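Coordinates in review
The primary structure of each chain is shown beneath.
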Amino acid sequence: MRRASISLLSRLTRQHNKALTPLLSRNYISDTASFSSSSLHSPGNHLKHCTKTNGLIVKPRQFQANPSPNIDTLVEEKAQISSRQRKIKEKYELEEAFESAQTAEEMLQAFKEMEASFDEKELGFAALKIGLKLDQEGEDPEKTLSFATRALKVLDKVDNKPSLLLAMTLQLMGSANYSLKRFNDSLGYLNRANRILGRLGEEGSDNLEDMKAVLHAVQLELANVKTAIGRREEALENLRKCLEIKEMTLEKDSKELGVANRELAEAYVAVLNFKEALPFGLKALDIHRSGLGNNSVEVARDRRLLGVIYTGLEEHQKALEQNELSQKVLKNWGLSSDLLHAEIDASNMQIALGRYDEAINTLKGIVQQTEKDSETRALVFISMSKALSNQEKFADSKKCLEIACGILEKKESVSPVEVAEAYSEIAMQYENMNELETAISLLKRTLSLLEKLPQEQHSEGSVSARVGWLLLLTGKVPQAIPYLENAAERLKESFGSKHFGVGYIYNNLGAAYLELDRPQSAAQMFAVAKDIMDVALGPQHADAIEACQNLSKAYGAMGSYALAIEFQQRAIDAWESHGRSAQDELIEARRILEQLKTKARGTSTNQLPTRALPLPHSSPSGRSLQPDVPLNRK
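Residues numbered from 1 in each chain as written. Predicted model: local features only at pLDDT ≥ 70, side-chain atom pairs only at ≥ 80, totals over all residues. Heavy atoms only, no water.

Examining the overall build of the protein chain
Helices and strands together make up the secondary structure of the protein chain, namely 26 helices and 0 strands. Here the protein chain holds 634 residues, and the buried ones make up 49% of them. Within the protein chain, contacts between residues at least 6 apart in sequence are counted, and of these 66% link residues at least 24 apart. (Helix = DSSP H or I, 4+ residues; strand = E, 2+ residues; numbered from the N terminus. Buried < 20%, exposed > 50% of the residue type's maximum accessible area, 1.4 Å probe, protein only. Contact = heavy atoms within 4.5 Å.)

And the structure:
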């Protein structure tokens, strides 16, 4: 459930027991009207019936010692009562017209007529109901926001303690602001709604099922907003909470629960965390097979996703098996578009298995089914190029890439994310053919697309890191540093400061500073890299050991041989734990240690620093290395 529903609002407002002013007093004269006892769903029966008549019921006339009957006076009072009753009846009819409205346009018209007869406090719940309706249609977020704001002003004044209706209103504010790309505002409202729901849960809400529905809407919207601003690791936590709520509320073999598992798996795939994605993909398949059978579309989609996951895990035979099973179902259902993409996936799996001729034949069949300037056709030529490159047919491979780029250039404004992904893949193929300048040019073009898309911050970081690394390889060290710094910031914001990818970037920054003969800066970067890799990968991991050796090298370049020897010895100890599989690395590490000892004997240690350099308080670009909530991804 993406948004809190109108039906839920109606149910909640019937249960609410706050003493708000109702849209109209139902019991204004107990025996003079036969109006329905149901109130407007927006405040519904959640509003207390009036226990006071506010002077509408005429008190019995008191006998006077010297009565002076005046017929005119009695007639005037009777007329006055009828006038009041008439106004109340008009308000009731306006309310009924609003309640019976089916479309947003009808609701807006009824609300407009009500504004002349009801005060703002009385209109609050009707404004919330319209806001929810507009949000569901998603056509006018500005108008949605205006009604949500009116509702919030009423509920904020009335509900002095947490309420489900207030949480619903805040969720609506968050949704409208998200649609308007006001992500910080959206996050503020959604976080407040989440806090209120947390307090309600602690206090033991009477409406537990309703609270779960609103909590799901809030968590899903939080995931959307965090994804939009590049905080994907945090978004995954919100998506996991969404799934937990669905597991508590849905049947075990529910199709919707299967889809929720698949969507979470897809979210992990989007950040290349295939290991975490696998169990959710398998769970989705199990649920859909049990409830829908092996020949269902949902099962086909689950299998196609599992093919992608197994490819990411480099279990290519398993990937191909899932893909082939998926294709059979897609063919049966006549889903040609899904089938084409599944066939392209299969060709890439064949390439990964070294079956190049088979892959080329598959792709030749697919290209005949694609439109001339379609993105799908571009993807076919990219895969074809990969197969040809592996056969060392580089001229043909480049020709395929040129065709793909020609198609993609026309699609940049229409599908920037898809084009950026394709450019990145093409650049990688140029790297493999040692066409580094062409690869750098394409990656810079990719960055120009991604920089305009805040939700692709993680991709921007990855591409920026690749540009920096390639610039280092081509000897353009000063140019590489800004790209590496930008990559570190983007990936920290997306995945947290201890993500292993951030460690690799700092390792490259250290190499860049060492190349520029700035060993102190290099040592700082290598120290950060080692710290991250020790946490993310473990100190015995080959890349963590390499970072330790790089730190030793930087201290050696500074002439700080005591520290250089200390870290080189740590590297040797770590390599020894690998046994015979790391024999060559161990021999080289010992050789370097002896060199350091030789140099140390010829240097006065009194002039050398004896403590490791502290980690920098800020990153190379001046921003904190530690985000507010560091997240570790292993």
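Once you've had a look at it, read on.
Observations regarding the UniProt feature "repeat: TPR" (unreviewed entry) in the protein chain
The UniProt entry lists residues 420-453 under the feature "repeat: TPR" (unreviewed entry), expressed in the numbering used here. Secondary structure within residues 420-453 divides into 82% helix and 0% strand; the distance between the first and last C-alpha atoms comes to 11 Å. (UniProt positions renumbered as here; feature names shortened; annotations may be inferred.)

Focus on the packing of aromatic side chains
For the structure shown, the criterion picks out 5 aromatic pairs. Look at Tyr 268 and Phe 280: their rings are 6.0 Å apart centre to centre, the planes differ by 5°, and that puts the pair in the stacked class. Of the two residues, Tyr 268 is situated in helix H10 (residues 255-270) and Phe 280 in helix H11 (residues 274-292); the sequence distance between them amounts to 12 residues. Across the pair, Phe 280 and Tyr 268 agree in class, each one buried. Aromatic pair Phe 500 and Tyr 504: ring centres 6.3 Å apart, planes at 85°, arrangement edge-to-face. With Phe 500 and Tyr 504 both in helix H22 (residues 500-515) and 4 residues apart, this pair spans about one turn of that helix. Given a relative accessible area of 29%, Tyr 504 falls into the partly exposed group. (Phe/Tyr/Trp six-rings, centres within 6.5 Å; stacked < 30°, edge-to-face > 60°.)

Looking at the nonpolar core
Where a protein is soluble and globular, its nonpolar side chains tend to be buried together. Counting 109 residues, the largest nonpolar core has Ile 309, Leu 408, Ile 426 and Tyr 506 as its most contacted members. Domain assignment of the residues forming this core places at least three in each of domain 2 (251-353) and domain 3 (518-601). Setting aside its immediate chain neighbours within four residues, Leu 408 contacts Ala 378, Ile 382, Val 419, Ala 422, Tyr 423 and Ile 426. Grouped together as the second largest cluster of nonpolar side chains are 46 residues, Phe 147, Ala 151, Leu 170 and Val 218 included. (Core = buried A, V, L, I, M, F, W, Y, C linked by side-chain atoms within 4.5 Å. Domains from an automatic or database assignment.)

A look at helix H16 (residues 375-390)
An ideal rise of 1.5 Å per residue puts 22 Å on 16 residues; H16 measures up with 23 Å between its terminal C-alpha atoms. Looking only at H16, the buried set comprises Thr 376, Ala 378, Val 380, Phe 381, Ile 382, Ser 383, Met 384, Ser 385, Ala 387, Leu 388 and Ser 389. The secondary structure elements touched by the buried residues of H16 are helix H14 (336-352), helix H15 (356-367), helix H17 (394-409) and helix H18 (416-432). In the segment just after H16, Glu 392 is the residue with positive phi, at about 65°. (Expected span 1.5 Å × (residues − 1).)

Focus: the pattern of salt bridges
Using the criterion set out here, one finds 29 salt bridges in the structure. For Arg 304, the salt bridge is made with Asp 345, and the minimal N-O distance between the two is 2.9 Å. With a gap of 41 residues between them, Arg 304 in helix H12 (residues 297-312) and Asp 345 in helix H14 connect regions that are remote in the sequence. Residue classification places Asp 345 among the buried residues on the basis of a relative accessible area of 17%. Its salt-bridge partner being Asp 373, residue Lys 410 comes within 3.5 Å of it at the nearest N-O pair. In this pair, Lys 410 is assigned in the loop between H17 and H18 and Asp 373 in the loop between H15 and H16, connecting sequence segments 37 residues apart. A relative accessible area of 54% places Lys 410 in the exposed class. Relative accessible area serves as the criterion here: at 33%, Asp 373 is assigned to the partly exposed category. One continuous salt-bridge network, built from bridges that share partners, spans Lys 255, Arg 262, Glu 298 and Asp 302. (Salt bridge = Lys/Arg side-chain N within 4 Å of Asp/Glu carboxyl O.)

With respect to the environment of Arg 150
Among the structural elements, Arg 150 can be located in helix H5 (residues 141-158). As for Arg 150 and Ala 127, which are separated by 23 residues in sequence, their C-alpha atoms are 6.5 Å apart.

Let's talk about unusual backbone geometry
Backbone geometry places Glu 314, a non-glycine residue, at a positive phi of 60°. Looking at the element boundaries, Glu 314 is found in the loop between H12 and helix H13 (316-333). One non-glycine residue, Asn 434, adopts positive backbone phi at about 65°. Asn 434 gets classed as exposed once you look at its relative accessible area, which sits at 61%.

Describing the environment of Asp 253
Residue position: Asp 253 is located in the loop between helix H9 (232-249) and H10. Residue Asp 253 is classed as partly exposed on the basis of its relative accessible area, which comes to 45%. The spacing of Asp 253 and Ile 287 is 34 residues in sequence and 5.2 Å in space, taken between C-alpha atoms. In this view, Asp 253 contacts Ile 287, Ser 290 and Gly 291; residues no more than four positions away in its chain are not counted.

Description of H17
With 16 residues, H17 should cover 22 Å at 1.5 Å per step; its first-to-last C-alpha distance of 22 Å lies within 8% of that length. Along H17, the residues classified as buried are Ser 397, Cys 400, Leu 401, Ala 404, Cys 405, Ile 407 and Leu 408. The buried residues of H17 all sit within an arc of 160° when viewed along its axis, so they share a single face. Exposed residues on H17 whose side chains face more than 90 degrees from its buried face are Ala 395, Lys 399 and Glu 402. Structurally, H17 contributes buried residues whose contacts are with H16, H18 and helix H19 (436-450). (Arc of directions from axis to C-beta.)

Topic: the confidence of the model for the protein chain
Across the protein chain, the average pLDDT comes to 82, with 82% of residues at or above 70. A low-confidence stretch, residues 15-75 stays under pLDDT 50, and its non-local contacts, those more than four residues away or across chains, total 113 contacts. pLDDT under 50 marks residues 604-634. Its contacts with residues more than four places away, or in other chains, come to 68 contacts. (pLDDT = per-residue confidence, 0-100.)

Thoughts on the packing of helix H21 (residues 477-495) against H22
Running from N to C, H21 and H22 point in directions that differ by 160°, and their axes come no closer than 9 Å. Looking at the two axes, H21 sits roughly antiparallel to H22. Note on packing geometry: the crossing formed by H21 with H22 is left-handed. Packed against H21, whose contacting residues are Val 477, Ile 481, Leu 484, Glu 485, Ala 487, Ala 488, Leu 491 and Lys 492, the element H22 presents Gly 501, Val 502, Ile 505, Tyr 506, Asn 508, Leu 509, Ala 512, Tyr 513 and Glu 515 at the interface. Here the residues of the contact of H21 with H22 sort into 12 nonpolar, 2 polar and 3 charged. (Axes fitted to C-alpha atoms, helices over the stretch in contact; angles between N-to-C directions. Parallel < 35°, antiparallel > 145°, perpendicular 65-115°, else oblique. Left-handed = near helix turned anticlockwise from the far one by under 90°. Nonpolar A, V, L, I, M, F, W, Y, C, P; charged D, E, K, R; others polar.)

Structural notes on the side chain of Asp 345
Among the polar contacts listed, one links the side chain of Asp 345 to the side chain of Arg 304, at a separation of 2.9 Å. The residues contacting Asp 345, other than those within four sequence positions of it, are Arg 304, Val 308 and Asn 323. (Polar contact = N/O pair within 3.5 Å; in protein donor to acceptor, adjacent residues only side chain to side chain.)

Comments concerning the packing of H22 against helix H24 (residues 542-558)
Following both chains from N to C, one finds H22 and H24 inclined at 25°, their axes separated by 11 Å at the closest point. In this view, H22 runs roughly parallel relative to H24, as classed from their interaxial angle. In terms of crossing hand, the pair formed by H22 and H24 is left-handed. Here Tyr 504, Asn 507 and Leu 514 of H22 lie close against H24, whose contacting residues are Asp 543, Ala 547, Asn 550, Lys 553, Ala 554 and Ala 557.

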